[in-house]
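Geometric and topological summary
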Amino acid sequence: MKKFIVGLVSVMMLGGLMPMASAGDCTKRTDVDWYATISSAVNVRDNCPSGGVVGTVRAGETVRILEVDNYEEFYLIETSVGTGFVYTSFLKDIVKSPLPGSEPERFEGSIFWDLNPEHRYYSEIADVKERGIVGGNPDGSVEPDTQINRAALAKILVEAVSSDMAIAQAKLGTDVYSDVEFGAWYSPYLKIARDKGIVTGDSGKNTVRPADGANGAEVAKMIAVAFDMDVREKESWEEWYAPYFEAVGSLGALPYNSGSHKVTRAEMMYMISVVLEAQENE
């Protein structure tokens, strides 16, 4: 895979500092309809990974994201000064859903009405649906490119590794998590996830933040634990999640390369499908 190293010029109060940029893949890009906020003033470029300056976007401006590269490191954004490319570090509060006020596109004949049949993970999403792991929302949607929350994470992982009977019999005590409402639809999944060590809650607290998302590092660990993968010991110089990345990545089931990555529902379904297929082929 051809990769590029690119530096983007950041316009700052104390002169033009040039931050280091990571490797990305501008040759593989996907159309999206997301939005975000500019975190610090930045020059947008007319080509990816480098090119002429279209204009300078000030910090705080809300921009629309039109395309994203395969590793979600370069973005094509629509701004007040024109359309161009920026590196991910210049964006914050990225929302992976259509802009407010816009109606999501409906795809007739798709397994979920808001899932484009050309979505990069369509076949894997269809696989977990066929397995009964994912049923979608009551309105027939699946919100593939929104960030998955912890309640949904617990559900999809438990559905993948537990029997229907075990789920039906699971009951979460009322004193386990202070931020889980009694009788919440996801409480049986949290019970099993807790027992299996998949979701343990916040360290030193009795909270689990079911509505919050999880980052790429946390999700890799959850998957490795849920599927009882062999995970080596961490080297002293490594990030804590490196062995989990290695274990999940060895199966070809890691669609991102950053521990801070915000995992989407589609990515999670892709990971579950690939892991299950790999284990079935062993």
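In this report, the structure presented in the accompanying data block is examined.

1. Some words on the side chain of Thr264
- When you line up the elements, Thr264 lands in the loop between helix 6 (242-249) and helix 7 (265-280).
- Given the relative accessible area of 3%, Thr264 is considered buried.
- Residues contacting Thr264, with those up to four places away along its chain left out, are Lys96, Pro144, Asp145, Thr146, Gln147 and Ile148.

2. Regarding the nonpolar core
- Judged by nonpolar contacts, the single largest core of 60 residues is most densely connected at Leu157, Leu190, Val219, Ile223, Phe227, Met268 and Ile272.
- With nine residues, the single largest contributor to this core is helix 7.
- When near neighbours in sequence (up to four residues on either side) are disregarded, Leu190 contacts Ala154, Leu172, Tyr177, Val180, Val199 and Val208.
- If you look at the next biggest cluster of nonpolar residues, it comprises 22 residues, including Cys26, Val32, Ile38 and Leu91.

3. Details of the pattern of salt bridges
- Counted by the stated rule, this structure contains ten salt bridges.
- Between Lys155 and Glu159 there is a salt bridge, with its nearest N and O atoms 3.6 Å apart. Note that Lys155 and Glu159 are positioned in helix 2 (residues 150-161) at a spacing of four residues, about one turn of the helix.
- Lys155 sits in the partly exposed class, given a relative accessible area of 22%.

4. Some words on unusual backbone geometry
- Here the phi dihedral of Glu143 falls at roughly 50 degrees; this positive angle occurs in a residue that is not glycine.
- Mapping Glu143 onto the fold places it in the loop between helix 1 (122-130) and helix 2.
- In the Ramachandran plot, Arg209 falls in the positive-phi region, its phi being about 50 degrees despite a non-glycine side chain.
- Along the chain, Arg209 falls in the loop between helix 4 (187-195) and helix 5 (216-226).

Calculation rules
- Residues numbered from 1 in each chain as written.
- Predicted model: local features only at pLDDT ≥ 70, side-chain atom pairs only at ≥ 80, totals over all residues.
- Heavy atoms only, no water.
- Helix = DSSP H or I, 4+ residues; strand = E, 2+ residues; numbered from the N terminus.
- Buried < 20%, exposed > 50% of the residue type's maximum accessible area, 1.4 Å probe, protein only.
- Contact = heavy atoms within 4.5 Å.
- Core = buried A, V, L, I, M, F, W, Y, C linked by side-chain atoms within 4.5 Å.
- Salt bridge = Lys/Arg side-chain N within 4 Å of Asp/Glu carboxyl O.

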